[in-house]
Amino acid sequence: MRLLRFFAFFALHFLFSVSLFAQGSIQQASDQSQAVFEKVRSSIPTFSPSEYVNPFIGTGGHGHTFPGATAPFGMIQLSPDTRRDDWDGSSGYHYSDSLIYGFSHTHLSGTGVPDYCDLLLVPQYGKAKIQPGYQVGENGYGAKFSHQNEVAKPGYYSVKFDNGTHVELIAGDRAGYHVYTFPDKKAKKFVLIDLDHRDRVLEASLEISGKQLIKGKRISQSWANEQHFYFALETSIPFKKAKRVGGKGQNKWLLEFPKSAKTVMLRVGISAVDEAGAMSNLKAELTDWNKDGLRAKTVSKWNKELSKILVSTENPENMTIFYTALYHSFIAPNLFSDSDGRYRGRDNQIHSVSDGQRYTVFSLWDTYRGANPLFTITQQKRTNEFIQTFLRQYKEGGDLPVWELAGNETECMIGYHSVSVIADAYVKGIQDYDANLALEAMKNTARLKEYAKDEFHRKGYISSAEEPESVSKTLEYAYDDFCIAQMAKAMGQDSIYKAFYPHSFNFVNVFDPSTQFMRARRSGQWFMPFNPTEVNFNYTEANSWQYSFAAPQHVELMANLFGGRSGLEKKLDSLFQASAGLSGREQADITGLIGQYAHGNEPSHHIAYLYNYTQHPEKGQRYIRQILKEMYHNAPDGLSGNEDCGQMSAWYVLSALGFYPITPGTPFYETGIPLFEASTIRLENGNTIQIRARNFSPKNTYVHGVTWNGVRVDKRLDHNELMKGGTLVFVLSDSPLKITETLPEFFKVDVPEKWLPAPFITTTERVFEDKLKVGFDMVSVNSDDLNFIFYQIDDETWETYEKPFFIDKSCTIRFRGQRRSGDKKIANGAVIEQQFIKRDPSVHLQLAKAYSSQYAASGDNALIDGIKGGKEFRTGDWQGYYGTDVVATVTFDEARQLSQFGASMIRDQRSWIFFPKAISVEISEDGTNFKALPEIKIAEPNSKDKNPETLEFVVDSNATSTVKAIRYVVKNSGVCPDWHLGKGNPTWLFLDELIFR
């Protein structure tokens with residue numbers, strides 16, 4: 001039947017295409033062939049796109065998806081658990097595993113952090129096992145299985161274990177069925193209820209009512225700091241016994257069923273509010289034991305959602321990849337309000353909605369780029385509800401969500417991209433919410449004094465000395481403020497527009513014109529050493545290559561920084577053609593490499609479309625087609641990176657249709673190249689968008705023209721025009737389109753009069769021995785700029801900078817930019833401060849153990865350079881040593897009178913950075929013979945020591961000593977202790993200075 005429908009659907013599009021291409025003009029073809037299209041469509045059987053979905057895509061590799069049963073945007077996700085934790089087990093399941101521990105009720109789709117997997121149910125027969133066997137072969141619960149005996153479909157999952165037990169899972173919106181069919185009629189049957197599985201349990205309880213009803217709760221801590229989960233569970237037949245098992249402190253119960261029971265069914269409702277809410281959800285959806293009826297309802301819901309986009313292709317694999325991508329795009333966000341409208345808010349209080357739904361799981365750093373814009377086309381009603389959820393969270397928690405999970409703000413990732421989602425919806429006419437409240441929430445969230453937002457707004461960039469991931473935060477804050485400005489402009493709020501729009505240009509302040517990369521600034525200087533392939537804490541899950549194109553709000557200005565159209569083209573060519581090697585810290589998220597382009601993580605997703613701003617857009621079309629074909633497959637490892645709650649798949653959906661938004665917050669999409677010959681988008685307003693590829697064939701991989709309703713499209717599509725319905729036609733060819741018209745090399749860019757770039761120091765050294773040459777520079781964004789730089793050394797008078805000068809002492813230099821028109825001052829930039837240290841050349845340091853290159857601080861002399869680190873190890877002034885002691889010798893040309901010795905350290909145990917177990921110091925009067933001082937002993941690490949802390953550990957000699965040399969051994973604390981997440985792994989030592997006073 002599936003094959004029949006495929007060929008019937010393809011025949012529909014084929015006949016439509018024949019009619020289309022036979023005409024002399026695209027508009028005429030569109031008009032005359034639409035009737036053919038509709039006539040053929042009406043003659044074929046009902047199309048069921050859910051039949052093309054393969055939920056196993058992404059369950060292998062680093063996709064982090066789950067194969068279990070769920071409804072579109074549903075609250076419950078019934079799925080097998082094959083892993084208790086670890087990164088590739090974030091969803092609870094990984095295709096490489098061969099043991100299923102049981103079946104739980106909540107799962108995250110494609111995230112990079114583990115959580116959920118609440119209420120594990122374990123069917124067993126014969127002899128009950130109450131402790132998990134986390135390795136195959138251990139004597140614990142969990143059963144071996146083969147993928148040949150697994151079936152996964154939208155709303156349905158089944159598996160037959162090697163021991164013969166057959167399991168089926170069927171999900172509705174807030175409730176679902178478990179069906180356990182046992183092979184042995186004579187053996188005892190059990191279902192283990194495990195509330196300890198996965199996360200740390202804060203509180204758990206279970207109440208048994210009679211012989212068929214159980215209610216309970218589980219409050220746990222993991223990624224979500226306090227997740228509330230409540231359930232109501234009914235059994236199809238009475239259980240004989242129910243008892244608590246597992247020993248003191250464990251939260252496990254064992255249900256025993258009669259030996260004669262062949263099949264045991266369970267129906268479970270869940271809630272984040274209370275047991276009554278779970279029971280209400282159960283009764284609202286499951287009034288009987290008709291599992292097939294629920295499955296049919298959920299399949300119908302999936303077909304309704306998936307049929308919003310119809311595609312045809314000769315390649316059934318592409319059909320599967322496409323509809324699975326659309327399926328993954330529609331799993332999250334998840335329902336969070338109960339059937340009676342109650343929900344748990346960000347304030348941990350119970351609230352109620354009288355209309356619409358409350359949602360959770362907002363992976364906004366990922367999804368604002370493509371998934372949320374896809375929703376503005378396919379899920380307009382839900383988009384309104386998502387934004388209404390944001391605004392409730394703002395009133396409950398004081399800010400808009402960043403990465404909200406189960407009523408908890410995790411503060412995971414960076415930026416405040418809920419403002420992008422809101423602005424994008426608003427400018428596209430999706431406005432069923434309090435827009436004034438939304439703008440207030442956007443403005444106030446941006447101005448919170450957290451994560452260096454105030455420094456960004458005050459200075460125009462974030463210094464690496466103040467905040468980790470400073471480059472990424474500068475770039476993404478600039479984009480977010482652009483979105484706030486667009487929203488304000490559309491609402492006629494001119495004062496807010498003028499306040500935020502200038503910040504959208506601040507990306508210029510981390511652009512280094514000498515290297516043409518976005519780089520970290522340590523206050524007024526560029527962060528050194530610099531390698532654009534290096535993954536370090538100046539960027540978020542990326543390197544400089546990937547973030548150097550992260551100014552989609554002002555592509556024209558970004559292109560000008562690279563040297564105009566041809567400069568942007570060369571930069572893009574270099575990105576895609578560079579060596580694919582990465583350096584620096586390990587970052588498993590950076591995958592799917594084409595050169596230094598990384599499709600496996602979101603910062604790269606818009607980049608191929610930037611070729612539209614060059615003279616050769618066909619290069620972008622080539623890479624888009626390559627990504628569609630090489631980074632997505634009908635296989636468990638068919639995703640090049642984390643699914644990330646739909647973003648990876650949304651990129652495929654939009655790009656396969658032929659367009660993609662590079663700047664959400666504006667109503668525009670960049671054109672690409674469609675993967676399918678014919679596609680149809682059914683809009684909620686009743687209109688349709690017909691997408692047709694003229695001259696479609698495997699060899700025709702270039703676009704020669706695009707029209708919308710017969711009118712030529714340059715490079716962008718307007719969302720509001722698309723919503724009116726019509727036909728989008730791509731004319732394909734086997735050769736690139738030669739652009740014959742003369743285009744200006746540089747783009748005309750208008751920047752606010754009172755905005756000017758922040759100047760920077762060209763000198764790379766901070767520490768010097770004799771004298772140091774200091775120079776300044778400033779990026780020019782317009783050729784007619786009249787920008788000046790003023791500087792001050794310590795408390796001396798301010799000078800106008802004209803040429804480099806020398807300093808010969810430790811000092812602090814302050815400087816600022818100024819824009820003038822003649823003698824009139826138009827704008828003053830913020831004062832920037834840079835400290836320079838003249839190092840004593842008679843002090844020498846020898847290190848016996850190598851420091852980590854990614855935590856080098858100022859290099860070989862960092863531990864004697866006088867530069868102190870702050871309370872954040874990632875800011876670049878701490879030197880790190882992994883799994884080893886620090887062994888160092890300090891010598892002096894002339895002996896010194898010293899009495900105190902030691903080291904300055906930082907501890908951040910969440911990041912595996914511990915204080916040492918001890919520090920030993922030996923001093924020498926002659927540089928040859930050493931005398932040991934009393935060893936500095938340090939308390940063993942404690943699980944309660946959570947917050948970062950900096951301390952000096954020192955030892956005093958009995959009297960001032962004449963010292964020629966000092967030998968230090970800072971002893972690593974060993975492996976992470978048993979209570980630590982990294983149990984058994986090596987630990988880090990971080991120092992900023994060796995102490996001798």
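Residues numbered from 1 in each chain as written. Predicted model: local features only at pLDDT ≥ 70, side-chain atom pairs only at ≥ 80, totals over all residues. Heavy atoms only, no water.

J.: I'm lost on the sheet that holds strand β24 (residues 408-409) in this one. Help?
T.: Each strand in a sheet pairs with its neighbour through backbone hydrogen bonds, running either in the same direction (parallel) or in the opposite one (antiparallel). Across the sheet, which stays open at both edges, the 3 strands sit in the order β22-β23-β24 with antiparallel pairing between neighbours. At either end of the open sheet lies a strand with only one pairing partner, and these are β22 (362-363) and β24. The pairing of β22 with strand β23 (residues 403-405) spans 2 bridges and is antiparallel. Paired with Ser-363 across the bridge in β23 is Trp-403. (Pairing = 2+ DSSP bridges. Helix = DSSP H or I, 4+ residues; strand = E, 2+ residues; numbered from the N terminus.)

J.: Please clarify how the packing of helix α5 (residues 316-329) against helix α18 (residues 647-657) should be interpreted in this entry.
T.: Helix packing geometry: the angle between the two helix axes and the distance between the axes. Relative orientation of the contacting elements α5 and α18 amounts to 130°, with a least axis distance of 8 Å. By the angle between their directions, the pair α5 and α18 is classed as oblique. Seen from above, α5 lies across α18 with left-handed handedness. Contacts between α5 and α18 involve Asn-318, Ile-321, Phe-322, Ala-325, Leu-326, His-328 and Ser-329 from the former and Ser-649, Ala-650, Tyr-652, Val-653, Ala-656 and Leu-657 from the latter. (Axes fitted to C-alpha atoms, helices over the stretch in contact; angles between N-to-C directions. Parallel < 35°, antiparallel > 145°, perpendicular 65-115°, else oblique. Left-handed = near helix turned anticlockwise from the far one by under 90°. Contact = heavy atoms within 4.5 Å.)

J.: Sorry, what's going on with the packing of aromatic side chains here?
T.: Where two aromatic rings form a pair, the distance of their centres and the angle of their planes describe that pair. Applying the stated criterion to the full structure yields 60 aromatic pairs. Centre to centre, the rings of Tyr-791 and Tyr-801 are 6.4 Å apart; their planes meet at 75°, and the pair counts as edge-to-face. Of this pair, Tyr-791 sits in strand β45 (residues 787-793) while Tyr-801 sits in the loop between β46 (799-800) and β47 (805-807), placing them 10 residues apart in sequence. For Tyr-791, a relative accessible area of 13% corresponds to the buried category. By the ring-pair criterion, three or more aromatic residues cluster together here, those being Phe-73, Phe-330, Tyr-359, Phe-362, Phe-375, Phe-386 and Phe-390. Directly above the ring of Trp-289 sits Arg-267, whose terminal nitrogen or CZ lies 4.2 Å from the centroid. (Phe/Tyr/Trp six-rings, centres within 6.5 Å; stacked < 30°, edge-to-face > 60°. Buried < 20%, exposed > 50% of the residue type's maximum accessible area, 1.4 Å probe, protein only. Lys NZ or Arg CZ within 6 Å of the ring centre and 35° of its normal.)

J.: Looking at this model, I keep getting lost on the sheet that holds strand β35 (residues 678-682). Mind explaining?
T.: Spatial strand order, β17-β35-β36-β40-β37-β38: 6 strands in an open sheet with mixed pairing. Unpaired on one side and paired on the other, β17 (309-312) and β38 (711-712) mark the two borders of the sheet. Pairing of strand β37 (residues 702-708) with strand β40 (residues 726-733) involves 6 bridges; the strand directions are antiparallel. In the strand pairing of β40, Trp-708 is matched with Leu-728. Sitting on the sheet, α18 touches β17, β35, β36 (688-694) and β40, and the angle it makes with β17 is about 60°.

J.: Got a minute to help me understand the confidence of the model for the chain in this structure?
T.: Low-pLDDT stretches of the model should not have their predicted coordinates read in fine detail. In the predicted model, the chain carries a mean pLDDT of 92, and 95% of its residues have values of at least 70. Across residues 1-44 the pLDDT falls below 50, and counting only partners more than four positions away or on other chains, this stretch makes 76 contacts in the model. (pLDDT = per-residue confidence, 0-100.)

J.: I tried to follow the side chain of Lys-473 on my own but got confused; where do I start?
T.: Relative to the assigned elements, Lys-473 resides in helix α12 (residues 470-491). When its relative accessible area of 6% is taken as the criterion, Lys-473 is described as buried. Not counting residues up to four positions away in its chain, the partners in contact with Lys-473 are Ile-414, Tyr-451, Ile-462, Glu-467 and Pro-468.

J.: For this particular structure, what's the right way to read unusual backbone geometry?
T.: Glycine aside, residues mostly have negative phi angles, and peptide bonds mostly take the trans form. Going from Ala-332 to Pro-333, the amide bond is cis rather than trans, its omega being 0°. Looking at the secondary structure, you find Pro-333 in the loop between α5 and β18 (334-335). Following Met-528, the chain continues to Pro-529 via a peptide bond in cis, the omega torsion being -5°. Within the fold, Pro-529 resides in the loop between β28 (525-526) and β29 (534-535). Even without being a glycine, Val-361 presents a positive backbone phi close to 70°. Tracing the sequence through the fold places Val-361 in the loop between β21 (359-360) and β22. Of note, Ser-523 is a non-glycine position whose phi angle comes to about 60°, a positive value.

J.: Would you explain the pattern of salt bridges in this entry?
T.: Opposite charge on two side chains makes pairing possible when the charged atoms of those side chains draw close. All told, the structure shown has 47 salt bridges when counted by the stated rule. Asp-840 is paired through a salt bridge with Arg-896; the nearest N and O atoms lie 2.3 Å apart. With Asp-840 in the loop between β50 (832-838) and β51 (843-847) and Arg-896 in strand β53 (residues 886-907), the pair connects residues that are 56 residues apart, well separated along the chain. Since its relative accessible area comes to 33%, Asp-840 is described here as partly exposed. (Salt bridge = Lys/Arg side-chain N within 4 Å of Asp/Glu carboxyl O.)

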